[in-house]
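Take a look at the letters that make up each chain.
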Amino acid sequence: MSIDVRNVSKTFGNYVALRDVSLRVDNGELVALLGPSGSGKTTLLRIIAGLETPDPADGSTVIVAGEDITARNAQERRVGFVFQHYALFRHMTVFENIAFGLRVRPRRERAPNGEIRDRVNQLLALIQLDGLAHRYPAQLSGGQRQRVALARALAIEPKVLLLDEPFGALDAKVRQELRRWLRRLHDEIHVTSVLVTHDQDEALEVADRIVVMNQARIEQTGTPEEVFHNPASEFVMEFLGQVNLFHGRVESGKVVVAASKEAGAGARIFVRPFDLEIHREAKGDTPLAARVKRIQSAGPSVKVELAGENGQPILVEMPHERLRELELKRDDTVFVNPREARVFLEDYSI
Amino acid sequence: MTTEPAWMRGLLLGSALLFLGCFLVLPLVTVFTEALRKGVGAYLASIGDPAAVSAIRLTLLAAGIAVPANVVFGVAASWAIARFEFPGRSVLITLIDLPFAVSPVISGLIYVLLFGMQGALGPWLAAHNMQIIFAVPGIVLATVFVTFPFVARELIPLMQEQGSEEEEAALLLGASGWQTFWRVTLPNIKWGLLYGVILCNARAMGEFGAVSVVSGHIRGKTNTVPLHVEILYNEYNFAGAFAVASLLALLALVTLAIKSALEWKIRAETAALRPEGGE
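About the criteria used
Residues numbered from 1 in each chain as written. Chains lettered and ligands numbered in written order. Predicted model: local features only at pLDDT ≥ 70, side-chain atom pairs only at ≥ 80, totals over all residues. Heavy atoms only, no water. Helix = DSSP H or I, 4+ residues; strand = E, 2+ residues; numbered from the N terminus. Buried < 20%, exposed > 50% of the residue type's maximum accessible area, 1.4 Å probe, protein only. Contact = heavy atoms within 4.5 Å. Areas by Shrake-Rupley, 256 points an atom, 1.4 Å probe, with all protein chains shown as cover. Lys, Arg positive; Asp, Glu negative; His and termini not counted. Charge placed at Lys NZ, Arg CZ, Asp CG, Glu CD. Buried area = accessible area lost by both parts, 1.4 Å probe. Salt bridge = Lys/Arg side-chain N within 4 Å of Asp/Glu carboxyl O. Polar contact = N/O pair within 3.5 Å; in protein donor to acceptor, adjacent residues only side chain to side chain. Nonpolar A, V, L, I, M, F, W, Y, C, P; charged D, E, K, R; others polar. Pairing = 2+ DSSP bridges. Axes fitted to C-alpha atoms, helices over the stretch in contact; angles between N-to-C directions. Core = buried A, V, L, I, M, F, W, Y, C linked by side-chain atoms within 4.5 Å. Left-handed = near helix turned anticlockwise from the far one by under 90°. Phe/Tyr/Trp six-rings, centres within 6.5 Å; stacked < 30°, edge-to-face > 60°. Lys NZ or Arg CZ within 6 Å of the ring centre and 35° of its normal.

### Concerning the overall build of chain A
Moving on, step 1. The number of helices and strands found in chain A is 10 helices and 19 strands.
Moving on, step 2. Out of the 350 residues belonging to chain A, those deemed buried represent 51%.
Moving on, step 3. Long-range pairs, those at least 24 residues apart, make up 66% of the contacts in chain A with a sequence separation of at least 6.
Moving on, step 4. Taken as a whole, chain A presents about 16,600 Å² of accessible surface, with 46% of it coming from carbon and sulfur.
Moving on, step 5. Here chain A carries 47 positive and 49 negative side-chain charges, and the mean point of each set is 6 Å from the other.

Pasting the structure below:
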């Protein structure tokens with residue numbers, strides 16, 4: 001079921017958490033809200049859930065499945081919510097945690113015990129924790145706890161599923177496993193989901209669409225490919241992975257890289273580390289001379305740190321075989337060519 | 001690991017134990033030996049004395065009102081303080097601590113000045129045929145005041161540490177505020193609450209100063225157990241005084257035992273709940 005947030009703002013005292021934000025999530029989509037801490041992504045999620053109320057303003061609405069739910073409280077919204085720190089009921093078993101949402105229903109709507117049991121067992125199978133129904137949360141690992149939290153949220157057959165940094169408290173390996181599992185699960189059950197994260201890899205890997213947030217606003221919305229390859233702003237470029245920044249100027253329609261910040265005015269050139277090539281001799285239009293400072297070859301690709309003419313740090317990523325061809329060593333002088341770059345022109349009108 | 005030599009450890013431990021023995025164990029033993037000095041018959045007679053029975057009844061009544069009042073107020077106040085930011089929050093915290101800061105005698109005196117015949121509300125109360133000072137209501141009021149902080153003090157840090165996420169989760173799963181309180185909030189604080197209740201109860205039953213000021217010491221009517229002990233003692237009825245005092249000493253021992261058990265329970269629970277990451 002779709003989510004439609006329109007013109008929502010939120011202030012806490014003097015602090016502006018959201019500034020006139022609108023967001024649409026289509027039925028069955030998995031959207032990631034990506035941004036640094038303090039960008040407003042969690043506040044937006046909590047507003048959809050009904051845990052925060054948006055600042056009163058004309059036209060400020062939250063619509064889920066075509067229904068305006070702005071005035072409804074969290075209890076009536078029937079959204080599934082997964083917290084970063086699981087928020088499992090510590091004094092209840094896994095079984096009772098998952099059954100909670102079914103047991104607190106008003107008597108008229110409550111399913112008989114047998115049905116609740118079947119439903120919980122189904123969910124336990126879905127999260128692959130069949131044998132652990134009678135454990136307490138304290139007896140589970142972090143990854144298991146988060147899966148229980150997910151099953152608990154799904155038990156009420158939520159209209160939408162909201163996940164607030166769901167893998168944030170887990171260690172790297174479990175995090176990777178769990179996010180792949182989440183993606184597979186989503187492909188299976190197709191519940192409209194919004195996932196909040198500050199981890200760009202997580203967003204790129206899991207989401208159908210990414211909403212990049214910064215300073216209480218949405219910077220860009222698009223598929224992972226779009227935001228990664230066509231970032232709309234310098235912020236998005238810098239936030240989605242490492243990037244080298246060069247200064248330059250525009251000369252007869254072409255961008256020329258300048259040696260220093262002072263010499264280059266007007267253009268800011270962003271190049272991802274894997275879009276830089278290293279050559280032994282000067283080639284192409286704009287070779288930059290640089291000295292090798294450090295070679296880090298442990299990992300799927302080689303990372304080479306260089307210092308440009310003014311000591312400007314440059315990071316280049318290349319395959320291992322290329323490193324062997326080049327036979328790079330520390331303090332070698334080489335030339336760096338950008339294969340692909342993104343240029344943001346500075347606004348002169350200011 | 002300690003690096004102190006054995007004799008040093010022995011000395012420190014020995015002096016601590018000696019101190020404890022002199023100031024805690026010895027008096028406790030004295031209470032019971034003095035109480036039983038004239039035999040079990042005299043002991044039972046002192047406790048069964050109508051004045052003593054009335055004192056016990058009044059003490060139970062005061063505690064029976066003060067403790068539930070404290071539970072309700074303590075849970076409400078700590079919930080408000082731990083969950084919300086509101087104007088006057090720090091004032092409320094300070095007010096909760098007030099009875100700890102003020103001498104109990106002063107708190108009793110305040111009630112006398114407020115409700116006594118010469119007090120601000122005295123004439124009005126007298127005109128409406130209500131007596132608070134030198135009567136049971138005054139004793140209950142003084143007890144409630146003195147025990148005010150116990151439950152709240154215990155619960156505020158506990159609820160702050162637990163955070164509100166579980167309650168939010170319950171609401172999001174469709175639970176009403178009432179269901180959330182009974183099924184999530186209360187089970188999470190039950191041991192802390194019980195701990196506060198035990199301490200509150202011990203203080204309610206043992207309170208002397210504040211109650212002494214407002215009671216008027218009318219035997220068989222406005223005497224609580226601690227006041228009755230004092231009266232017996234002042235009448236040189238030592239065996240009787242110690243016999244009744246032994247009841248309070250027993251209460252203290254039971255309280256201590258329950259308190260230690262609860263502390264152990266709370267520690268075990270919080271230790272089990274420390275978040276841990278990874279499989």
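What follows picks up the thread again.
### Details of the interface of chain A and chain B
Moving on, step 1. Taken together, the contact between chain A and chain B spans 34 residues of the former and 25 residues of the latter.
Moving on, step 2. Carbon and sulfur atoms make up 57% of the area that chain A and chain B hide from each other, which totals about 2,600 Å².
Moving on, step 3. Per-residue buried area on chain A facing chain B is highest for Gln75, Arg90 and Val104 of chain A; these three make up 26% of the total on that side.
Moving on, step 4. Counting every contact that joins chain A to chain B gives 2 salt bridges.
Moving on, step 5. A salt bridge links glutamate 168 of chain B to arginine 46 of chain A; its shortest N-O distance comes to 2.6 Å.
Moving on, step 6. Inspection of the chain A/chain B interface yields 5 residue pairs in polar contact (both at pLDDT 80 or more).
Moving on, step 7. Top element by residues in the side of chain A that touches chain B is helix H5 (residues 142–155) of chain A. It accounts for 7 residues.
Moving on, step 8. Looking at the side of chain A that touches chain B, its residues break down into 19 nonpolar, 8 polar and 7 charged.

### Remarks on the sheet that holds strand E1 (residues 3–12) of chain A
Residue and element names in this part refer to chain A.
Moving on, step 1. Strand order in the open sheet made by the 4 strands is E2-E1-E4-E5, with antiparallel pairing throughout. Strand pairing shows two members of the sheet lacking a second neighbour, strand E2 (15–25) and strand E5 (67–68), which therefore form its edges.
Moving on, step 2. Of the strands in this sheet, E1, E2 and strand E4 (61–64) are in contact with helix H1 (residues 41–49), which crosses E1 at around 120°.

### Side note on the sheet that holds strand E3 (residues 30–34) of chain A
Each strand in a sheet pairs with its neighbour through backbone hydrogen bonds, running either in the same direction (parallel) or in the opposite one (antiparallel).
Residues and elements named next belong to chain A.
Moving on, step 1. Taken in spatial order, the 6 strands line up as E6-E7-E8-E3-E9-E10 in an open sheet, and their pairing is mixed. Of all the strands in the sheet, just strand E6 (80–82) and strand E10 (217–222) have a single pairing partner and so form its edges. Within this sheet the neighbouring strands show an average axis-to-axis angle of 15°, counted without direction.
Moving on, step 2. Examined bridge by bridge, E3 and strand E9 (residues 209–214) share 4 bridges and lie parallel to one another. Among the inter-strand pairings, leucine 33 is bridged to a residue of E9, identified as valine 211.

### Some points on the nonpolar core
Residue and element names in this part refer to chain A.
Moving on, step 1. Counting residues in hydrophobic clusters, the biggest one holds 49 residues, and the most contacted among them are Ile98, Leu124, Ile127, Val148, Leu150, Leu161 and Ile210.
Moving on, step 2. A total of 7 residues in this core trace back to one element, the largest contributor, which is H5.
Moving on, step 3. Sequence-distant contacts of leucine 124, defined by excluding residues within four places in its chain, comprise Val94, Ile98, Leu129, Asp130 and Ala133.

### Section: the packing of helix H9 (residues 165–172) of chain B against helix H10 (residues 177–206) of chain B
Two quantities define a packed helix pair, namely the angle between the axes and the distance from one axis to the other.
Residue and element names in this part refer to chain B.
Moving on, step 1. At their nearest, the axes of H9 and H10 sit 10 Å apart, and the two run at 150° to each other. Our pair here, H9 against H10, has a crossing hand that is right-handed. Contact residues: H9 offers Glu166, Glu167, Ala170 and Leu171, while H10 offers Gly177, Thr180, Val184, Thr185 and Asn188.
Moving on, step 2. For the contact of H9 with H10, the per-class residue count stands at 3 nonpolar, 4 polar and 2 charged.

### Describing the packing of aromatic side chains
Moving on, step 1. Inspection of the entire model under this criterion finds 16 aromatic pairs over all chains.
Moving on, step 2. With centroids separated by 4.5 Å and ring planes inclined at 45°, the aromatic side chains of phenylalanine 89 of chain A and phenylalanine 100 of chain A adopt a geometry described as tilted. Of this pair, phenylalanine 89 of chain A sits in the loop between E6 and helix H3 (94–103) while phenylalanine 100 of chain A is found in helix H3, placing the two residues 11 residues apart along the sequence. Each member of the pair, phenylalanine 89 of chain A as well as phenylalanine 100 of chain A, carries the same accessibility label: buried.
Moving on, step 3. Ring centres of phenylalanine 181 of chain B and tryptophan 182 of chain B lie 5.4 Å apart, and the angle between their planes is 80°; on these two criteria the pair is classed as edge-to-face.
Moving on, step 4. Three or more aromatic residues joined by ring pairs make a cluster, and in this case those are Tyr111, Phe115 and Phe145 of chain B.
Moving on, step 5. Over the aromatic face of phenylalanine 89 of chain A sits the side chain of arginine 152 of chain A, whose NZ or CZ is 4.5 Å from the ring centroid.

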